[in-house]
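Now for the letters of each chain:
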Amino acid sequence: MKTLIRNIGKLVGIVPEGTLRKEGVEMGKVETLDNAWLMTDGDKILSFGTGSHPGDGCITEDLLTIDAEGGYVMPSFCDSHSHIVYAGSRYGEFRDKIDGLTYEQIAARGGGILNSADLLHETSEEELFRQSLGRAVEVMYKGTGAMEIKSGYGLNTEDELKMLRVIRRLRASLPIEIRATFLGAHAVGRAYAGRQGEYVDMVCREMLPAVADQGLADFVDVFCDRGFFTPEETMQILDAAQVFGLRGKIHANELAVSGGVQAGVSRGALSVDHLEQTTDAEMKVLEGTDTMPVMLPGASFFSCLPYGRAKDFIRGGLGVALASDYNPGSSPSGDMRFIMALGCIQMKLTPEESFNACTLNGAYAMGISRLAGSVTPGKLANLIITEPLPDLAFIAYSHHTPFIKHLIVRGKQL
């Protein structure tokens, strides 16, 4: 069925077919069309143009029409890094953070990721799905039309598979585009305390084959950072993953300059994520590669970490994606509009740079920019219709004023 969105004040995020990401000065450009219409056909964008409608020949009795009433129409947000499948919460650690404990101090005394692993182990798969579905629906209604979801709170084969099955159920239950990432190397499970090398071997020899055999993951991730996994261990896991055709997406440089960026690039990782502690050397190694730097300002905000050097990356000709890092310990929010605002307010990106980082480049960082992230004929009709806005900057400027009038996902109005 075709749908016509008419009376669009400004159509935002137009990208030519074949443009998969933006880098350097292109990050600061957002193509728009004033006084526009957009036509969908089924779940895809069919065409768009200026004026009140595409022409009398396209208007049929069964055509569904949506009046944008002068609002903007823009692509839905693409969140390329989240951990929304978890049990319970870690609100107790919120008090620890207020009292001044660092991420590493909380982890060292048995909290953090291991705390979430204990809760998840005790939670049934059905209850885990119920909790995770609620979070996924919440972010969908905040304007996210595509997201990547990681495992990593299982830390044993059975519980990692449980998490990945829940992600598969979310994908089947929701209209948004979802990608699954296996993150067995998020921390060393309690059963392997003091035996990190054995745990890495178990990830490679037991977990990965089981994940691949059941077709549960699109990507493989490793937390390559101080106190977690080394670059050598990271490359070992990525090499094992490549045997099963699984590409890497790396946690790197959140807590220290870890070598994780270099390890990820050396193994052709699709993205290297976090990057709160990044030097010129990391920027240099990313030049000319297919690897997308992904920064997570929600984690910087909640955990009082430095913000990534996104502006320096862009000035150096690189692209940047921004993602939520939605997780119970260091970024308990999946509001991508707030992430866009943090990109502007704390990272000094222009609204255009932050918009591109949250849409097209986010789609690239989860391998779906041929499918989502821009207004392009043939891409998924995952769209936000806003209230009338004075400027694109208003979305980030007034970041908690309601701005969504209608949501279109796969061509259907929610």
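Reading guide: rules and limits
- Residues numbered from 1 in each chain as written.
- Predicted model: local features only at pLDDT ≥ 70, side-chain atom pairs only at ≥ 80, totals over all residues.
- Heavy atoms only, no water.
- Salt bridge = Lys/Arg side-chain N within 4 Å of Asp/Glu carboxyl O.
- Helix = DSSP H or I, 4+ residues; strand = E, 2+ residues; numbered from the N terminus.
- Buried < 20%, exposed > 50% of the residue type's maximum accessible area, 1.4 Å probe, protein only.
- Contact = heavy atoms within 4.5 Å.
- 1 Å grid on protein atoms, 1.4 Å probe; cavity = no way out; pocket = protein on both sides within 12 Å on 5 of 7 lines; lining within 4 Å.
- Points joined across faces, edges and corners; volume = space filled by probe spheres on them.
- Nonpolar A, V, L, I, M, F, W, Y, C, P; charged D, E, K, R; others polar.
- Axes fitted to C-alpha atoms, helices over the stretch in contact; angles between N-to-C directions.
- Parallel < 35°, antiparallel > 145°, perpendicular 65-115°, else oblique.
- Left-handed = near helix turned anticlockwise from the far one by under 90°.
- Polar contact = N/O pair within 3.5 Å; in protein donor to acceptor, adjacent residues only side chain to side chain.
- Core = buried A, V, L, I, M, F, W, Y, C linked by side-chain atoms within 4.5 Å.

Caption draft 1: Structural view of the pattern of salt bridges. Tallied over the full model, the rule gives 26 salt bridges. Taking the shortest distance from any N to any O, the salt bridge between Arg6 and Asp67 comes out at 3.6 Å. You can see Arg6 sitting in strand E1 (residues 2-14) and its partner Asp67 sitting in strand E4 (residues 64-67), a full 61 residues away along the chain. The partner of Arg267 in a salt bridge is Asp239, with the nearest N and O atoms 2.6 Å apart. With Arg267 in the loop between helix H8 (260-266) and strand E11 (271-274) and Asp239 in helix H7 (residues 231-243), the pair connects residues that are 28 residues apart, well separated along the chain.

Caption draft 2: Broad picture of the side chain of Ser116. Along the chain, Ser116 turns up in helix H3 (residues 113-121). Under the relative-accessibility criterion, Ser116 is labelled buried at 1%. Excluding residues that lie within four positions of it along the chain, Ser116 makes contacts with Arg90, Tyr153 and Pro328.

Caption draft 3: Quick peek at empty space enclosed by the protein. Applying the stated criterion across every chain, the model contains four cavities of 30 Å³ or more. Roughly 80 Å³ of volume is contained in the largest cavity. Taken together, 13 residues line the largest cavity, and the ones lying closest to its centre are His83, Tyr103, His186, Asn327 and Ser330. Classifying every residue of the lining of the largest cavity gives four nonpolar, six polar and three charged.

Caption draft 4: Structural view of the packing of helix H12 (residues 336-345) against helix H13 (residues 351-358). At a closest axis distance of 9 Å, the pairing of H12 and H13 adopts a crossing angle of 140 degrees. In terms of orientation, H12 lies oblique with respect to H13. The hand of the H12/H13 crossing is right-handed. Here Met336, Ile339, Met340, Gly343 and Cys344 of H12 lie close against H13, whose contacting residues are Pro351, Ser354, Phe355 and Cys358. Class assignment for the residues of the contact of H12 with H13 results in seven nonpolar, two polar and no charged.

Caption draft 5: View of H12. In terms of burial, H12 is a largely internal element, nine of the 10 residues being buried. Its side-chain oxygen 3.0 Å from the backbone nitrogen of Arg337, Asp335 forms the N-cap of H12.

Caption draft 6: Just the nonpolar core, in detail. Within the largest apolar cluster, 55 residues are counted, with the highest numbers of intra-cluster contacts made by Val85 and Phe182. Contributions of two or more residues to this core are made by H3, helix H4 (125-141), strand E7 (144-150), helix H5 (157-173), strand E8 (177-185), helix H6 (196-213), strand E9 (219-224) and H7. Per-element tally for this core: the top contributor is H6, with nine residues. The contacts of Phe182, once residues within four sequence positions are left out, are Ser151, Glu160, Leu164, Val203, Met207, Leu208, Val211, Ala217, Phe219, Val220 and Asp221. Counting residues in hydrophobic clusters, the runner-up holds 43 residues, among them Ala252, Ala269, Leu318 and Ile339.

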